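# Structural features, examined
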Amino acid sequence: ITCRPFLERQMELVAPDFIAVLGGAAAKEIFATTDGIMRLRGKWRQIKVGERYIPALATLHPAYLLRTPAAKQLVWADLLSIKTKLSERS
């Protein structure tokens, strides 16, 4: 997409410890895949940003959760995974 270089530069400048990718469209672009969000979510991947690799986790988009409340338990599992990743930093 045309804004990808801007996004990558912002990620370089911010230098996050990890990235949470919300929704299928974002996940497909960030991970350069055609897999659906249900295949992508919940699995940590490394994405190259500049000279650095950053862990990234895809999860469901909040709008999807409004339409499908039962999917909240999947996102809860993803959030617990993020919590674990945060505790590994200290």
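Use the structure listed above.
Residues numbered from 1 in each chain as written. Predicted model: local features only at pLDDT ≥ 70, side-chain atom pairs only at ≥ 80, totals over all residues. Heavy atoms only, no water.

## Overview of a nonpolar patch on the surface
Operational definition: Only residues whose relative accessible area exceeds 30% and that form no salt bridge enter a patch; like-charged residues are grouped when within 9 Å of one another, and nonpolar side chains (Val, Leu, Ile, Met, Phe, Trp, Tyr) when within 5 Å. All accessible-area figures derive from a Shrake-Rupley calculation using a 1.4 Å probe, and residue coverage is judged against the displayed protein chains alone. Salt bridges are defined by distance alone: a side-chain nitrogen of Lys or Arg within 4 Å of a carboxyl oxygen of Asp or Glu. Numbering of helices and strands runs from the N terminus; a helix is a DSSP stretch of H or I covering at least four residues, while a strand is a stretch of E covering at least two. Relative accessibility decides the category of a residue: with a 1.4 Å probe and only protein chains considered, values under 20% of the type maximum give buried, values over 50% give exposed, and everything between is partly exposed.
Where nonpolar side chains cluster on the molecular surface, the patch consists of Trp76, Leu79 and Leu80 and spans about 320 Å² of accessible area. Inspection of the secondary structure puts leucine 79 in helix H5 (residues 72-89). You can call leucine 79 partly exposed: its relative accessible area is 43%.

## Notes on the pattern of salt bridges
Per the counting criterion, the structure on display carries four salt bridges. Close ionic contact of glutamate 29 with arginine 4 constitutes a salt bridge, the shortest N to O distance being 3.2 Å. Of this pair, glutamate 29 sits in helix H2 (residues 24-31) while arginine 4 sits in helix H1 (residues 4-14), and the two are 25 residues apart along the sequence. With a relative accessible area of 25%, glutamate 29 lands in the partly exposed category. Here aspartate 78 ties to arginine 41 by a salt bridge, and the two come within 2.6 Å at their closest N and O atoms. With aspartate 78 in helix H5 and arginine 41 in the loop between helix H3 (37-40) and strand E2 (44-49), the pair connects residues that are 37 residues apart, well separated along the chain. Each member of the pair, aspartate 78 together with arginine 41, is buried. Taken together, the shared-partner salt bridges connect Arg4, Glu8 and Glu29 into one network.

## So, the side chain of arginine 41
Test applied: Definition of a polar contact: a pair of N or O atoms within 3.5 Å, with one able to donate and the other able to accept a hydrogen when the atoms are protein atoms, and with sequence-neighbouring residues admitted only if both atoms are side-chain atoms. Here, two residues are considered to be in contact whenever any of their heavy atoms come within 4.5 Å of each other.
Since its relative accessible area comes to 15%, arginine 41 is described here as buried. At 2.6 Å, the side chain of arginine 41 and the side chain of aspartate 78 are in polar contact. Excluding residues that lie within four positions of it along the chain, arginine 41 makes contacts with Ala58, Thr59, Leu60, Leu74, Ala77 and Asp78.

## With respect to the environment of alanine 77
Inspection of the secondary structure assignment puts alanine 77 in helix H5. The sequence separation of alanine 77 and alanine 56 amounts to 21 residues, and the corresponding C-alpha distance is 15 Å.

## Thoughts on the sheet that holds strand E3 (residues 52-59)
Put simply, the rule is: Two strands are counted as paired when DSSP detects at least two bridges linking them. Axis definition: a line fitted to C-alpha atoms, limited for helices to the stretch in contact. Angles are taken between N-to-C directions and run from 0 to 180 degrees.
Taken in spatial order, the three strands make up an open sheet running E1-E3-E2, and their pairing is mixed. The open sheet has two edge strands with one neighbour each: strand E1 (19-22) and E2. Here the average twist between neighbouring strands, direction ignored, is 40°. Pairing between E1 and E3: four bridges, direction parallel.

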